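Structural characterization, general
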Amino acid sequence: MIKKVALVAFAAVVLLFYVPFLALGYYMSGGGVLKLPSTSMLATTFMLALVTAAVAIALAYPAAYYLAKRGNELEFALLIAPLWVGTLLKAYSLLVVFSVVERFTGVVLWGTALGVVVGMVYEYFPYAVLTLYAAIEKLSETPTQAARVLGASRAQAFLRVELPLTMPGVVAAFILTFLFAMGEVIMPAVLGAWKVYTVGSYIWDLYFKARDFLSGSVLSLLLAALSLLATYVVVKTIRSFSI
C-alpha cells in the first residue's frame, strides 16, 4: 500500500514539473504564441510584492524580537494563529473590516492597491515572524554585552551588533514573503476586485478562463525559476553575513 502511494506521489510530482517543460519546448519550437503578461502587469506585481515584503518585515521584526527576548507561549500562539485560517476566509473577513473603515473614515480600501497590500501583509506576517524569530532566538547575548561593556548604548549595540547578526534571517524572511506575494491570487481577486491585476491573477485566468494550459504552465515555470534564483541569493547572502 505504501509503495503504491509513493508511486502515485512520484508520478504527480513528475507530471507537475514535466508538463511546464513540455509546454516551454512547444513554444520554443514555434508551435504557438506564448501569452506573456504586459510590462505594466509585471511592474504592478513586482511593486506590490516589494511593498508587501518590506512592510511585513518592518512589522514582524519588532514582534519576533519581543517574542525571542521576553515573549511567552501564549503570545507566540496568538501571533501565528492566522496560519490556522484559510486565505479566502481572511480575505472576506478583511472585506468586512474595509467596509467599517470606509464607513467611519471615508477611506476606500476595497478595489485598491493599498487594500491588496494590507491583505497580503496580513497573510504573510506570521511567516515573516517565524523566520525572524528563528534568527533572533538563537542569537547569543555575548556580542551585545561586549558592545555595552565597551561603551555602546542600547540602540548602538542593536544597530551595530544584533541587527547585522540577524540579517540572514531578515533576508530570508524578505525573500519568502516577496515570492509568496509575487504569485498571490486570492487577495488581488477579492480585495482588489480584479481591478488590481497581477501575474498570479493572469496565470489563473489563463488556466481557468482561457483554458490555455500551455501558457499558464510556462509562466508558472518562470515563477519557479524566480524562486530558485531567490533561493540562491538567500544562500549567498547568509554566507556573506556569517561570522
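Everything here concerns the structure above.
The structure reproduced in this document is the subject of the present report. (Residues numbered from 1 in each chain as written. Predicted model: local features only at pLDDT ≥ 70, side-chain atom pairs only at ≥ 80, totals over all residues. Heavy atoms only, no water.)

A word on the nonpolar core
Among the nonpolar cores identified, the biggest contains 19 residues, and Leu48, Met120 and Leu191 are the most heavily contacted of them. Of all elements in the fold, only helix H2 (39-69), helix H4 (87-105), helix H5 (113-137), helix H8 (167-182) and helix H9 (186-190) reach the threshold of two or more residues within this core. Of the residues forming this core, the biggest block, five residues, is contributed by H5. Apart from the residues within four sequence positions on either side, Leu191 is in contact with Ala91, Leu94, Leu95, Phe98, Leu109, Trp110, Gly111, Thr112, Gly115, Val116, Gly119 and Ile186. Membership of the second largest hydrophobic core comes to 14 residues, among which are Ala64, Tyr65, Leu67 and Ala128. (Core = buried A, V, L, I, M, F, W, Y, C linked by side-chain atoms within 4.5 Å. Buried < 20%, exposed > 50% of the residue type's maximum accessible area, 1.4 Å probe, protein only. Helix = DSSP H or I, 4+ residues; strand = E, 2+ residues; numbered from the N terminus. Contact = heavy atoms within 4.5 Å.)

Quick word on the pattern of salt bridges
Within this structure, the stated rule accounts for three salt bridges. Ionic pairing is found between Lys69 and Glu162, a salt bridge with its closest N-O pair at 3.7 Å. You can see Lys69 sitting in helix H2 and its partner Glu162 sitting in helix H7 (residues 154-165), a full 93 residues away along the chain. Using a relative accessible area of 29% as the deciding quantity, one classes Lys69 as partly exposed. A relative accessible area of 0% places Glu162 in the buried class. A salt bridge links Lys90 to Glu123; the shortest N-O distance between them is 3.2 Å. Here Glu123 lies in helix H5 and Lys90 lies in helix H4, a separation of 33 residues in the sequence. With respect to burial, Lys90 and Glu123 carry one shared label: buried. (Salt bridge = Lys/Arg side-chain N within 4 Å of Asp/Glu carboxyl O.)

Section: the side chain of Thr87
Secondary-structure assignment places Thr87 in helix H4. A polar atom in the side chain of Thr87 sits 2.9 Å from the side chain of Glu123. Setting aside chain neighbours within four positions, we find Thr87 in contact with Glu123, Glu184, Ile186 and Met187. (Polar contact = N/O pair within 3.5 Å; in protein donor to acceptor, adjacent residues only side chain to side chain.)

A closer look at the packing of aromatic side chains
Scanning the entire structure with this criterion turns up eight aromatic pairs. Aromatic side chains Phe174 and Phe178 sit 6.3 Å apart centroid to centroid with 5° between the ring planes, which places their arrangement in the stacked category. With Phe174 and Phe178 both in helix H8, this residue pair falls four residues apart, about one helical turn. Look at Trp204 and Phe208: their rings are 4.4 Å apart centre to centre, the planes differ by 45°, and that puts the pair in the tilted class. Separated by four residues within a single helix, Trp204 and Phe208 lie in helix H10 (residues 199-208), roughly one turn from each other. Trp204 sits in the partly exposed class, given a relative accessible area of 39%. Look at Phe208 and you get partly exposed, because its relative accessible area is 47%. (Phe/Tyr/Trp six-rings, centres within 6.5 Å; stacked < 30°, edge-to-face > 60°.)

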